[in-house]
Amino acid sequence: MAESTQMEVETATGGTVPLPPKPTFKPLKAHEMSDGKVQFRKISVPPNRYSPLKKAWLDIYTPIYDQMKVDIRMNLKARKVELKTRADTPDISNLQKSADFVHAFMLGFDIPDAISLLRMDELYVESFEIKDVKTLKGEHLSRAIGRLSGKGGKTKFAIENSTKTRIVIADTRIHILGAFSNIKVARGSLCSLIMGSPAGKVYSKLRSVSARLNE
């Protein structure tokens, strides 16, 4: 005869009383985690991204509203994109992911690239300025920006493809979208170009590093 696996407690009278069953708690919804409070995020729209935002609004709205279950609207007066959680938002992190996606679009990333922030947790955007690496002025600064892009964007595309990142060069600001280790390699290559290294030397270093990353 099999022994009972249920734990029993002895009473003062000598009898045994079985313990009550283990409680089952349903997972909390996003609005319940924040004590029922609605969470907000606001992303400013720069003047140069206003027209692209109008053209691509449906491509931004659809994945955020339908897939991430987050409300989104454009505040025309404040020129900000506003996001807020709903009662059926499955996870509170969806709000921050949506905000990162919209912010990446504002920085200049294409929607197919920026949307990966919604689907993958390990991706993020890192930004830095050319003057953070080396103080350059006038013609020297223009030549450094030219070295980063290369003829017809050849250098930029080579760095992107070998490090599996996406790079936006907006005047003197550089934005990199990718995983941590890949961003580190891409940033190192860009910094070498800013410091004056020839593109050929950077390519050869990239080949060895990208081969190591693929292992």
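Quick notes on the rules
- Residues numbered from 1 in each chain as written.
- Predicted model: local features only at pLDDT ≥ 70, side-chain atom pairs only at ≥ 80, totals over all residues.
- Heavy atoms only, no water.
- Helix = DSSP H or I, 4+ residues; strand = E, 2+ residues; numbered from the N terminus.
- Buried < 20%, exposed > 50% of the residue type's maximum accessible area, 1.4 Å probe, protein only.
- Contact = heavy atoms within 4.5 Å.
- Areas by Shrake-Rupley, 256 points an atom, 1.4 Å probe, with all protein chains shown as cover.
- Core = buried A, V, L, I, M, F, W, Y, C linked by side-chain atoms within 4.5 Å.
- Pairing = 2+ DSSP bridges.
- Axes fitted to C-alpha atoms, helices over the stretch in contact; angles between N-to-C directions.
- 1 Å grid on protein atoms, 1.4 Å probe; cavity = no way out; pocket = protein on both sides within 12 Å on 5 of 7 lines; lining within 4 Å.
- Points joined across faces, edges and corners; volume = space filled by probe spheres on them.
- Nonpolar A, V, L, I, M, F, W, Y, C, P; charged D, E, K, R; others polar.
- Parallel < 35°, antiparallel > 145°, perpendicular 65-115°, else oblique.

(A) Geometry of the overall build of the protein. Looking only at helices and strands, the protein features 11 helices and eight strands. Taken across its 215 residues, the protein has 36% of its residues classed as buried. Long-range pairs, those at least 24 residues apart, make up 56% of the contacts in the protein with a sequence separation of at least 6. When the accessible surface of the protein is summed, it comes to about 13700 Å², and 55% of that surface belongs to carbon and sulfur atoms.

(B) Spotlight on the nonpolar core. Counting 31 residues, the largest nonpolar core has Ile-60, Phe-101 and Val-102 as the members making the most contacts within it. Among the elements that line this core, the one with the most residues is helix α4 (residues 93-107), at eight residues. Among all residues touching Ile-60, those that are not within four sequence positions of it are Leu-53, Ile-72, Phe-101, Val-102, Phe-105 and Ile-111. If you look at the next biggest cluster of nonpolar residues, it comprises 18 residues, including Ile-130, Ala-144, Leu-148 and Leu-190.

(C) Layout of the sheet that holds strand β5 (residues 80-85). Spatially, three strands are ordered β3-β5-β4 in an open sheet, and the strand pairing comes out antiparallel. Of all strands in the sheet, those bounded by a partner on one side alone are β3 (40-44) and β4 (70-75). If you compare each strand with its neighbour and ignore which way they point, the axes differ by 20 degrees on average. Alignment of β4 against β5, held across six bridges, turns out to be antiparallel.

(D) Structural view of the sheet that holds strand β8 (residues 173-179). In space, the three strands of this open sheet follow the order β6-β8-β7, with antiparallel pairing throughout. Here the strands that pair on one side only, and so sit at the sheet edges, are β6 (123-129) and β7 (166-170). Across the sheet, the axes of successive neighbouring strands diverge by a mean angle of 15 degrees, strand direction being ignored. Here β6 runs beside β8; their pairing, made up of seven bridges, is antiparallel. Residue pairing for β8: Ser-127 is matched across the bridge by His-175.

(E) Main features of the layout of surface pockets. Approximately 160 Å³ is the volume attributed to the largest pocket. Along the wall of the largest pocket there are 13 residues; nearest its centre are Asn-48, Met-106, Leu-107, Ala-170 and His-175. Of all the secondary-structure elements, those providing two or more residues to the lining of the largest pocket are β3, α4, β7 and β8. By residue number, the principal contributor to the lining of the largest pocket is α4, which donates three residues. For the lining of the largest pocket, the per-class residue count stands at six nonpolar, five polar and two charged.

(F) Just the packing of helix α10 (residues 180-195) against helix α11 (residues 199-214), in detail. Between α10 and α11, the least distance of the axes is 10 Å, while the angle of their chain directions is 170 degrees. In terms of axis orientation, α10 runs roughly antiparallel to α11. Seen from α10, the contacting residues are Ser-181, Asn-182, Val-185, Ser-189, Ser-192 and Leu-193; seen from α11, they are Ala-199, Val-202, Leu-206, Val-209 and Leu-213. For the contact of α10 with α11, the class distribution of residues is seven nonpolar, four polar and no charged.

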